[in-house]
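# Observations on the model geometry
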Amino acid sequence: MLFKQKNKEHMKLDIRNSQANINVNKGSDFEKQFKMIGLTYDDLKVINALQPFVVEEIDTIVTRFYANLEHEPSLLGIIRDKSSIEKLKKTLKTHIIEMFSGIVDDSYLEKRRKIARVHVRIGLQTKWYMCAFQDLLLSLMDVIEKNVMQTEECLRAIRAVSKILNLEQQLVIETYASEEEKLRWEAEKQQTSVRDQVASASQNLAAISEETNASLQQLNAQSAEITSLAKTGAKLSALTEERAQKGKEQLNDQNENMTNIEGTVNGITHDVEALLELSKQMQEIVDIVTSIADQTNLLSLNATIEAARAGEHGRGFSVVAEEVRKLSDQTKSSVSNVSDLISNSNSQINTLTHSLEKIRGAVDKGRSGMEETEDHFKEIVQKMEETKTQNSNIENELISFNSAIDQLGEAFSEVAVSAESMATVSQEMSEARS
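Now for a quick tour of the structure. (Residues numbered from 1 in each chain as written. Predicted model: local features only at pLDDT ≥ 70, side-chain atom pairs only at ≥ 80, totals over all residues. Heavy atoms only, no water.)

### Notes on the overall build of the protein chain
Applicable threshold: The secondary structure listing takes helices from DSSP runs of H or I that are at least 4 residues long and strands from runs of E that are at least 2 residues long, numbered from the N terminus. The Shrake-Rupley method, run with a 1.4 Å probe, gives the accessible areas here. Residue values count only the displayed protein chains as cover.
Across its full length, the protein chain holds 8 helices and 2 strands. Listed by position from the N terminus, the elements making up the protein chain come as β-α-α-α-α-β-α-α-α-α. Accessible surface computed for the protein chain: about 27200 Å², of which carbon and sulfur atoms make up 54%.

### Quick look at the layout of surface pockets
Convention followed: Think of a 1 Å grid over just the protein atoms. A cavity is a set of points where a 1.4 Å probe fits yet cannot get out, a pocket is an open set with protein on both sides within 12 Å along at least five of seven lines, and lining residues have an atom within 4 Å of a point. Grid points are joined across faces, edges and corners, and a volume is the space filled by probe spheres set on the points. Lys, Arg, Asp and Glu make up the charged group, whereas Ala, Val, Leu, Ile, Met, Phe, Trp, Tyr, Cys and Pro make up the nonpolar group; the residues left over, Gly among them, are polar.
Taken as a whole, the second largest pocket holds about 190 Å³ of empty space. Lining the second largest pocket, in full, are Ile22, Asn23, Val24, Lys26, Glu31, Phe34, Lys35, Leu39, Thr40 and Tyr41. Top element by residues in the lining of the second largest pocket is helix α1 (residues 29-37). It accounts for 3 residues. Here the residues of the lining of the second largest pocket sort into 5 nonpolar, 2 polar and 3 charged.

### Overview of a negative patch on the surface
Quick reminder of the rule: Patch membership requires over 30% relative accessible area and the absence of a salt bridge. Like charges are linked within 9 Å, and nonpolar side chains (Val, Leu, Ile, Met, Phe, Trp, Tyr) within 5 Å. Basic side-chain nitrogens of Lys or Arg form a salt bridge, by our definition, when they fall within 4 Å of a carboxyl oxygen of Asp or Glu. The convention is simple: Lys and Arg are positive, Asp and Glu are negative, and His and the chain ends are not counted. Charge positions are represented by NZ for Lys, CZ for Arg, CG for Asp and CD for Glu.
A grouping of Glu371, Glu372, Asp375 and Glu379 is seen on the molecular surface, where their side chains present a negatively charged patch. One can find Glu372 in helix α8 (residues 315-433).

### What to know about the nonpolar core
Selection rule: Definition of nonpolar core: a set of buried residues of the types Ala, Val, Leu, Ile, Met, Phe, Trp, Tyr and Cys, connected through side-chain atoms within 4.5 Å. Accessible area is worked out with a 1.4 Å probe on protein chains only. A residue is then buried under 20% of its type maximum, exposed over 50%, and partly exposed in between. The contact rule is simple, with two residues in contact once any of their heavy atoms fall within 4.5 Å.
Ranked by size, the top nonpolar core spans 44 residues in total, and within it Leu50, Ile96, Phe100 and Ile164 carry the most contacts. Among the secondary structure elements, those contributing two or more residues to this core are α1, α2 (41-68), α4 (85-99), α5 (106-122), α6 (126-147) and α7 (151-310). Other than its neighbours up to four places away in sequence, Ile164 contacts Leu39, Leu44, Ile47, Met99, Val104 and Tyr108.

### Considering the environment of Met258
Within the element layout of this structure, Met258 appears in helix α7. Those residues in contact with Met258, other than ones at most four positions away along the chain, are Val363, Arg367 and Met370.

### Brief notes about the pattern of salt bridges
Counted under the stated rule, the structure contains 8 salt bridges. Where Glu57 meets Lys146, a salt bridge forms, and the shortest distance between an N and an O atom there is 2.4 Å. Of this pair, Glu57 sits in helix α2 while Lys146 sits in helix α6; the two residues are 89 residues apart in sequence, bridging distant segments of the chain. Taken together, the salt bridges that share partners define one network made up of Arg64, Asp135 and Asp142.

### A few points about the side chain of Ser101
Where we set the bar: Here a polar contact means two N or O atoms within 3.5 Å. Within protein one must be a hydrogen donor candidate and the other an acceptor candidate, and residues neighboring in sequence count only if both atoms are side-chain atoms.
Here Ser101 lies in the loop between α4 and β2 (103-104). Exposure remark for Ser101: the relative accessible area of 17% places this residue in the buried category. Reaching out from Ser101, the side chain makes a polar contact with the backbone oxygen of Glu98 at a distance of 2.9 Å. One polar contact links the side chain of Ser101 to the main-chain amide nitrogen of Ile103, over a distance of 3.4 Å. Contact partners of Ser101, with chain neighbours within four places excluded, come to Gln19, Asn48 and Gln51.

### Things to note about a nonpolar patch on the surface
Side chains of Leu275, Leu278, Met282 and Val338 sit close together on the surface and give an oily, nonpolar patch of about 300 Å² of accessible area. With 3 residues, the top contributor of residues to the nonpolar patch is α7. Locating Val338 in the fold gives a position in helix α8.

### Points about α2
For the record, the criterion: What a helix should span is 1.5 Å times the count of its residues minus one. Bend is computed residue by residue as the angle between axes fitted to the seven residues ending at the residue and the seven residues starting at it.
The end-to-end C-alpha distance of α2 is 33 Å, clearly below the 40 Å that 28 residues give at a rise of 1.5 Å each. In the structure, α2 departs most strongly from a straight axis at Glu57, where the bend amounts to approximately 65°. Residue Thr40 occupies the N-cap position of α2, its side-chain oxygen lying 3.4 Å from the main-chain nitrogen of Asp42.

### A look at the environment of Thr373
As for its position among the elements, Thr373 is in helix α8. For Thr373, a relative accessible area of 30% corresponds to the partly exposed category. Sequence separation between Thr373 and Leu251 is 122 residues; the distance between their C-alpha atoms is 8.0 Å.

### Re α1
Here is the rule we go by: This arc is taken over the directions from the axis of the helix to the C-beta atoms.
Every buried residue belonging to α1 is among Phe30, Glu31, Gln33 and Phe34, and all of these are buried. Relative to the axis of α1, the buried residues are bounded by an arc of 160° and lie together on one face. Residues Asp29, Lys35 and Met36 are exposed on α1 and point more than 90 degrees away from its buried face. Among the residues trailing α1, Gly38 stands out with phi positive, at a value near 75°.

This is how it looks when you write it as structure tokens:
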């Protein structure tokens, strides 16, 4: 026995000043419960009469209660997670003292339900609650044996306390059942909601998978077409580069031809200049011959005059002088023709020189244009090389893209399978619930 017996005379339990009140709805389950366990006003008076003894020993009772919890470490873990032992000791003291108030009404019942709901919320199992209450009953019996000496009164007090504790247990267990039913209903409701969401999600997922798969197939086809176009572009770029390179080589050949033409024109120009110089020299000779012809003509005239003076003896000389004059005139006429020819040649040479200058200018202009065109061809070749490289990169990227699309398609196929599996699971959950 935890409590020592007091050295005093055996006395009957005084219930004259004790209070007792049962205030519950008529015909309610609680009224029926009171009748079934035999809880009466007299029992409540006895309980209230025991309250001073309980208050006196309340610290010992509570300490023993929580010391007993050490047999199950999980209970202490729940206490540490949700509250503290000191705080719970204060609550338990109030709870036990109110149990011996002798009054059972709606407030009393609601407090017990509240405590039960807390027990459910923190995860205290029913078996541990029952064990703890059994230990509490033993503690209260020790209090009774210590303070109520008469056997009849002691038994009366034990019966009354066992009834009020039984009521406590009924209230708690009922609340346990109610809360568990509520939690089970909420769990089923949540499960139904989850099942519906799973079913809806699986349907949506399946639809999305089908749409995505169709889009991926279309995208795959388009990417294949783009890949083909990229390959064609690469071939065209290579062909353009080849032709641009060939055009560049032809420009180099034309540039060499222009250089040769320019050299030829320069040679012709030098020859024309030499011809002009020769024409000048010929003109000088013509001038000399013309002067000689004039002088010969003058000498012939003088010879004719002298022959006339000589008379018959100078007739033969006069004939010679006449012939010399004719020859002089013919020479002068021929030289004049040669001079005209030289003048015409000089005019043609000047025209040729002017044409050669134009040709030289055209050659220079053509060379400049070919150099500019060659620069353009160089740029075209460079751009074609860059384009070919870019097309090659695009082709490689598209190949990788196609591979990624294939992998994504496989993933969505797996998603579709998962969606079907989810739908099956949802159906099985629905059938199991039915």
